[in-house]
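Per-entry structural report
Listed here are the chains, written in short residue letters.
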There are 2 protein chains.
Amino acid sequence: MRYLEDIQIGMRRELGSFTFTAELIKAFARQFDPQPFHLDEEAGRKSLFGGLAASGWHVASVCMKLLVADGQRAKAEAEARGEAPPVGGPSPGFRDLRWSRPVLAGDTLTYSSEVVSVRATATRPGWGILQSKNVAVNQRGEEVYSFLGSVFLPQRGDAA
Amino acid sequence: MRYLEDIQIGMRRELGSFTFTAELIKAFARQFDPQPFHLDEEAGRKSLFGGLAASGWHVASVCMKLLVADGQRAKAEAEARGEAPPVGGPSPGFRDLRWSRPVLAGDTLTYSSEVVSVRATATRPGWGILQSKNVAVNQRGEEVYSFLGSVFLPQRGDAA
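Notes on the structure follow. Since we're looking at a predicted model, the values are computed, not measured.

**Some details on the overall build of chain A**
Counting its secondary structure elements, chain A contains four helices and five strands. Its helices and strands taken in sequence order, chain A reads β-α-α-α-α-β-β-β-β from the N to the C terminus. Nonlocal contacts in chain A, meaning residues at least 24 apart in sequence, comprise 68% of its contacts between residues at least 6 apart. A distance of 2 Å separates the average location of the 19 positive side-chain charges in chain A from that of its 18 negative side-chain charges.

Put into structure tokens, the structure is as follows:
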């Protein structure tokens, strides 16, 4: 969690890794995406995925989990520097989400986030919009997931 | 779940409704999006959302849940007509996801899906790509969520 003024294009954060076990894949699918290829190994093998595959929304939700944890780390780093941590804003949405390859049981994804644009907003004084490209690669280095996310960030302004 | 040949632009399916209770909002947030405004009423009131707000990924995952249930209904309808139900394919991703308004505790969203394009694919013989605009409106009729989704669908071909 940072202020708008601290952000530069090209800044990159490593968000961490997550292993999609068969158990976790099935548990998410039962709740939110109960399609056969997300629930059953044999159905997965017979599908275009070629194996028990994680729901794309599971891959996306884990990315959010890691983004939040990274924000908490950034907040702790700001506090360690003696700065008042900013309050993060909500996201207005995102663009161009791609599930470019299957995520199969046992795959470990490593997520990262890179700033692609940053600007002040006309409609919300004191706030700006940060756009970042979030990417996940599997244990073979293949990109499996990406999206361009936007998030409101406060300007430091008088608070600095 | 239908075959590519059965799909026409403008076809619309009502996917059903879902009420985001405070309990469900917090349970999803604890697992995947533990930001204060998704976990705590007071933190929500102080945020740009103005109340305890559902994670956007929760709003999206519920949409997937309803899309799957609708696919199962369509499959049952096909079977009732004596047709062999097609096996649905995976999604290559989507575009232009928007969380246009907050979803607050107690809000009931109604989801729908409308076909915006349909075409055969050059790279996967026997399959095509269906693009649909998926939308959720709240109990006041305000649009809160939308995205353009793509999904692979089999062509009926010889199976008919």
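Having seen it, we continue.
**Considering helix 1 (residues 22-32) of chain B**
Residues separated by three or four positions in an α-helix point in the same direction, a consequence of the helix having 3.6 residues per turn. Turning to helix 1 of chain B, its buried residues are B:A22, B:I25, B:F28, B:A29 and B:F32. Axial view of helix 1 of chain B: buried residues confined to an arc of 140 degrees, hence all on one face. What points out from helix 1 of chain B, more than 90 degrees from its buried face, is the exposed set B:E23 and B:R30. The inward-facing, buried residues of helix 1 of chain B abut helix 1 (22-32) and helix 4 (56-80) of chain A together with helix 2 (36-39), helix 3 (41-46) and helix 4 (56-80) of chain B.

**Details of the interface of chain B and chain A**
With 34 residues of chain B in contact, the opposing surface of chain A contributes 34 residues. Carbon and sulfur atoms supply 67% of the area that chain B and chain A bury against each other, a total of about 3000 Å² over both sides. In terms of surface lost to chain A, no three residues of chain B exceed B:F32, B:L48 and B:W57, which account for 24% of the buried area on that side. Summed over the shared surface of chain B and chain A, the result is zero salt bridges.

**Some points on the sheet that holds strand 1 (residues 12-19) of chain B**
The strand order across the open sheet formed by 10 strands is 1(A)-3(A)-4(A)-5(A)-2(A)-2(B)-5(B)-4(B)-3(B)-1(B), and the pairing between neighbours is antiparallel. The open sheet has two free edges, formed respectively by strand 1 (12-19) of chain A together with strand 1 of chain B, since each of these has just one partner strand. Ignoring which end each strand starts from, the neighbouring axes of this sheet average 20 degrees apart. Direction of pairing for strand 4 (residues 127-137) of chain A relative to strand 5 (residues 143-154) of chain A: antiparallel, over a ladder of 11 bridges. Within strand 5 of chain A, the position partnered with A:N134 by the bridge is A:F147. Its contacts with the sheet put helix 4 of chain A on strand 1, strand 2 (93-99), strand 3 (108-120), strand 4 and strand 5 of chain A together with strand 2 (93-99) and strand 5 (143-154) of chain B, and the angle it makes with strand 1 of chain A is roughly 130 degrees.

**Describing the relation of the copies chain B and chain A**
Each copy superposes on the other: chain B lies on chain A with an RMSD of 0.0 Å after a rotation of 180 degrees and an axial shift of 0.0 Å. Viewed as a symmetry operation, the transformation between the two copies matches a two-fold axis. Across chain B, the rotation axis passes nearest the C-alpha of B:R95, at a separation of 2.7 Å. Taken together, the interface assignments show that 100% of the residues at the interface of chain B recur at the interface of chain A, consistent with an identical surface on both copies.

**Brief notes about the packing of aromatic side chains**
One pass over the full model with this rule turns up 14 aromatic pairs over all chains. Here the aromatic rings of A:W57 and B:F147 are separated by 5.8 Å at their centres, their planes lie at 65 degrees, and the arrangement is edge-to-face. Taken together, the residues A:W57 in helix 4 and B:F147 in strand 5 connect one chain to another. For the pair A:W57 and B:F147, a shared accessibility class is recorded, and that class is buried. With a centroid separation of 5.7 Å and 50 degrees between ring planes, the pair formed by A:Y145 and A:F147 is classed as tilted. You can call A:Y145 buried: its relative accessible area is 0%. For A:F147, a relative accessible area of 4% puts it in the buried group. Within the aromatic cluster, the residues linked to one another by ring pairs are A:F28, A:F32, B:F28 and B:F32. Here the guanidinium or amino end of A:R124 rests over the ring plane of A:F152, the centre of that ring lying 4.7 Å away.

**Examining the pattern of salt bridges**
Under the definition given, this model contains 22 salt bridges over all chains. For A:E14, the salt bridge is made with A:R12, and the minimal N-O distance between the two is 2.8 Å. Take A:R12: its relative accessible area is 48%, and that puts it in the partly exposed class. With a shortest N-O distance of 3.0 Å, B:R13 and B:D70 are connected by a salt bridge. Of this pair, B:R13 sits in strand 1 while B:D70 is found in helix 4, placing the two residues 57 residues apart along the sequence. A relative accessible area of 10% places B:D70 in the buried class. Residues joined by salt bridges that share partners form a network here, namely A:R13, A:D70, A:R73 and A:E77.

Calculation notes
Residue numbering note: each chain is counted from 1, following its sequence as written. Each chain gets a letter, beginning with A, and each ligand a number, beginning with 1, in the order they are written. Residues qualify for local features only when their pLDDT is at least 70, as the model is predicted, and side-chain atom pairs are given and counted only at 80 or more; totals for whole chains, interfaces and linings, by contrast, use all residues. Each side-chain value is derived from all of the structure's non-hydrogen atoms; neither hydrogens nor water enter the calculation. Secondary structure elements are defined from DSSP: runs of H or I of at least 4 residues count as helices, runs of E of at least 2 residues count as strands, and each element is numbered from the N terminus. Residue contacts are counted whenever heavy atoms from the two residues lie within 4.5 Å of one another. In this tally, Asp and Glu contribute negative charge and Lys and Arg positive charge; neither His nor the terminal groups of the chain are included. Charge coordinates come from a single atom per side chain, which is NZ of Lys, CZ of Arg, CG of Asp or CD of Glu. Classification of residues uses two cut-offs on accessible area relative to the type maximum, computed with a 1.4 Å probe and protein chains only: under 20% is buried, over 50% is exposed, and between them is partly exposed. Think of it as the arc spanned by the lines of direction from the helix axis to the C-beta atoms. What counts as buried area is the accessible surface, traced by a 1.4 Å probe, that two parts surrender upon association, with contributions from both included. Every case where a carboxyl oxygen of Asp or Glu lies within 4 Å of a side-chain nitrogen of Lys or Arg is listed as a salt bridge. A pair of strands is considered paired only if DSSP assigns at least 2 bridges between the two. Every axis in this analysis is a line fitted to C-alpha atoms, fitted for helices over the stretch in contact. Angles between the N-to-C directions lie between 0 and 180 degrees. Overlaid copies result from least-squares superposition on C-alpha atoms, with residues included only where pLDDT is at least 70 in both. In this analysis, rings of Phe, Tyr and Trp, with Trp reduced to its six-membered ring, are considered paired at centre separations within 6.5 Å, and the interplanar angle assigns stacked below 30 degrees, edge-to-face beyond 60, and tilted for intermediate values. Two conditions define a charge located above a ring, namely a distance within 6 Å from the ring centre to NZ of Lys or CZ of Arg, and an angle within 35 degrees of the ring normal.

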